[in-house]
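# Structural overview
Listed below are the residues making up each chain.
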Protein chains: 2
Amino acid sequence: MIRALAFDVFGTVVDWRSSIIAELTAFGREHGADADWARFADDWRAGYAPAMDRVRRGELPWTPIDDLHRGRLTELLDGAGIAVNDTAIDHLNRAWHRLQPWPDAIAGLERLKRRYTIATLSNGNVSLLTNMAARAGLPWDSVLSAEMFGHYKPDREVYLGAARALDVAPAELMLVAAHPSDLRAARDAGLHTAYVHRPLEYGAGRDRPRPAAGEFDVTAEDFGDLADQLGA
Amino acid sequence: MIRALAFDVFGTVVDWRSSIIAELTAFGREHGADADWARFADDWRAGYAPAMDRVRRGELPWTPIDDLHRGRLTELLDGAGIAVNDTAIDHLNRAWHRLQPWPDAIAGLERLKRRYTIATLSNGNVSLLTNMAARAGLPWDSVLSAEMFGHYKPDREVYLGAARALDVAPAELMLVAAHPSDLRAARDAGLHTAYVHRPLEYGAGRDRPRPAAGEFDVTAEDFGDLADQLGA
């Protein structure tokens, strides 16, 4: 019944927070700047949803995540009184292209790929997802991005666009994500859903509540567990 | 200077003709139908450019290659007096998702991938390219298709769209193709170009003339030679 799996990426496949904190720490060391980098990372990430929502409401024209990230980054650097040149800002902004996968991600994807078509379904732009896959060795069959559909998740067009691009019915496609809001929107568009619990996404001791049992088709502890449950 | 390689697929990466002849032969055996399958394959392929040209001229709305292939296939089956059900036609039409790579393709791509971002840039639809990659083990970093840009090659929007999607300048992107017309259009759009000679694309003894020496940035005998010349 399920023919393809589409994966949310930030937080589900890759550990954005640890990766960004490590990049910020290296940036600070190189440029002689200091800040609470964990908090800076959280503030950077916190700018993401509101910026996308401005695009979703039509207040901004289509704007790739790289540009949304950069706008927020320059605000935060200004706020922290850190002045560096554009090249340094560009390099730091591309930290989102260099995120590290969760430890179970690649082995789990390799297993799932034997049985299902596996693709990204991320709000990240194509180049971000492509560079990340090449660098981290993520074995996607296809890189699908909100950019291709001109809509950000949770707009329904993204989920339906992915099914159309993969030439499967919505019910033959399963979204895999660590975020209930993404999964609910996918379910409303007719997709199947797999929730993967990522207790460290927001840092140690900041686990979020699990969705109610049975709300999604599958609930998994990691990608190995997901592969077990999906018979891959 | 070159950061990414975009590959034409049919004829450049995969041997469509031998693959389609083998699929047609199996189809004939299964359904008790006989025909000159090599000629049938050539006639099927010959319908491809005129059908795309109708889309390019605006006589047809955007139509994926799967549908263009299917339209031509049903004409050819009717002409040959072969009647089978829709499921059999659909399966046969998806032969284009199951094309086999040239013997040098995967090893060459693995080498090139170490140094460059590698992506498809094909008129094939996303699901066709995705299924082909999964089945054949083609190690793309990204699957880029004309479908994403709403234009077929050689429309300039496809070449420029690929550079934009990969976030590189046109001159940082090299099109790899066995077809001079594709390469000329890419060059006109500002891309670099690599011609790969595929003497067997149209069958033994049907080699086409090579382009003039120096017309393209690189001329290679196969993907291993291309990797040698590009230092990968």
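Residues numbered from 1 in each chain as written. Chains lettered and ligands numbered in written order. Predicted model: local features only at pLDDT ≥ 70, side-chain atom pairs only at ≥ 80, totals over all residues. Heavy atoms only, no water.

Per an unreviewed UniProt entry, chain A goes by the name (S)-2-haloacid dehalogenase [Bradyrhizobium oligotrophicum S58] and belongs to Mycolicibacterium parafortuitum.

All names here are of chain B. With parallel pairing, six strands are arranged side by side in an open sheet as β3-β2-β1-β4-β5-β6. One side of each edge strand has no neighbouring strand; the edge strands of this open sheet are β3 (142–145) and β6 (218–220). Sheet twist, expressed as the mean angle between neighbouring strand axes with direction ignored, is 25°. Both strand β2 (residues 117–122) and β3 contribute to a ladder of four bridges, which runs parallel. Among the inter-strand pairings, T120 is bridged to a residue of β3, identified as V143. (Pairing = 2+ DSSP bridges. Helix = DSSP H or I, 4+ residues; strand = E, 2+ residues; numbered from the N terminus. Axes fitted to C-alpha atoms, helices over the stretch in contact; angles between N-to-C directions.)

Listed as interface residues are 17 residues of chain B and, on the opposing side, 17 residues of chain A. Carbon and sulfur atoms make up 48% of the area that chain B and chain A hide from each other, which totals about 1400 Å². The interface formed by chain B and chain A holds two salt bridges in total. For B:R94, the salt bridge goes to A:D167, with nearest N and O atoms at 2.7 Å. Put simply, chain B and chain A have six residue pairs in polar contact (both at pLDDT 80 or more) between them. For the side of chain B that touches chain A, the secondary structure elements donating two or more residues are α7 (126–136), β3 and α9 (156–166) of chain B. If you tally residues by element for the side of chain B that touches chain A, the top one is α7(B), at five residues. Of the residues contributing to the side of chain B that touches chain A, the split by class is seven nonpolar, five polar and five charged. (Contact = heavy atoms within 4.5 Å. Buried area = accessible area lost by both parts, 1.4 Å probe. Salt bridge = Lys/Arg side-chain N within 4 Å of Asp/Glu carboxyl O. Polar contact = N/O pair within 3.5 Å; in protein donor to acceptor, adjacent residues only side chain to side chain. Nonpolar A, V, L, I, M, F, W, Y, C, P; charged D, E, K, R; others polar.)

All names here are of chain A. The domain architecture assigned to chain A consists of domain 1 (4–15 + 99–229) and domain 2 (16–97). Taking only C-alpha atoms, the centre of domain 1 and the centre of domain 2 are 23 Å apart. Listed as interface residues are 26 residues of domain 1 and, on the opposing side, 21 residues of domain 2. Looking only at domain 1, the three residues that lose the most surface to domain 2 are D15, L99 and Y152, adding up to 33% of its buried area. At the boundary of domain 1 and domain 2, one finds two salt bridges. D42 serves as the salt-bridge partner of R206, at 3.0 Å between the closest nitrogen and oxygen. On the surface where domain 1 and domain 2 come into contact, there are 15 residue pairs in polar contact (both at pLDDT 80 or more). (Domains from an automatic or database assignment.)

With that settled, the discussion passes to the relation of the copies chain B and chain A. Note on the identical chains: chain B maps onto chain A by a rotation of 180° and an axial translation of 0.0 Å, with an RMSD of 0.0 Å. Here the two chains are linked by the operation of a two-fold rotation axis. Of the interface residues in chain B, 100% have counterparts in chain A that sit at the interface too, so the contact is made through matching surfaces. (Least-squares fit on C-alpha atoms with pLDDT ≥ 70 in both.)

Attention now moves to the pattern of salt bridges. By the definition in use, this model includes 41 salt bridges over all chains. A:D90 is paired through a salt bridge with A:R70; the nearest N and O atoms lie 2.7 Å apart. Of this pair, A:D90 sits in helix α5 (residues 86–93) while A:R70 sits in helix α4 (residues 65–79); the two residues are 20 residues apart in sequence, bridging distant segments of the chain. The shortest N-O distance in the salt bridge between B:K153 and B:D182 comes to 2.8 Å.

For the rest of this paragraph, the subject is the packing of aromatic side chains. Residues and elements named next belong to chain A. This model, assessed by the stated rule, comprises 22 aromatic pairs over all chains. Seen from their ring centres, W16 and W96 are 6.2 Å apart, and the 25° between their planes marks the pair as stacked. Of this pair, W16 sits in helix α1 (residues 16–31) while W96 sits in the loop between α5 and α6 (105–115), and the two are 80 residues apart along the sequence. This pair shows no difference in class: W16 is buried, exactly as W96 is. Ring geometry for W37 versus F40: centroids 5.5 Å apart, planes at 65°, classification edge-to-face. Of this pair, W37 and F40 both sit in helix α2 (residues 37–46), three residues apart, roughly one helical turn. Here W37 falls in the buried class, since its relative accessible area comes to 8%. Within the aromatic cluster, the residues linked to one another by ring pairs are F10, W16, W44, Y48, W96 and Y202. Here R198 stacks its cationic end above the ring of F223, 4.8 Å away from the centre of that ring. (Phe/Tyr/Trp six-rings, centres within 6.5 Å; stacked < 30°, edge-to-face > 60°. Buried < 20%, exposed > 50% of the residue type's maximum accessible area, 1.4 Å probe, protein only. Lys NZ or Arg CZ within 6 Å of the ring centre and 35° of its normal.)

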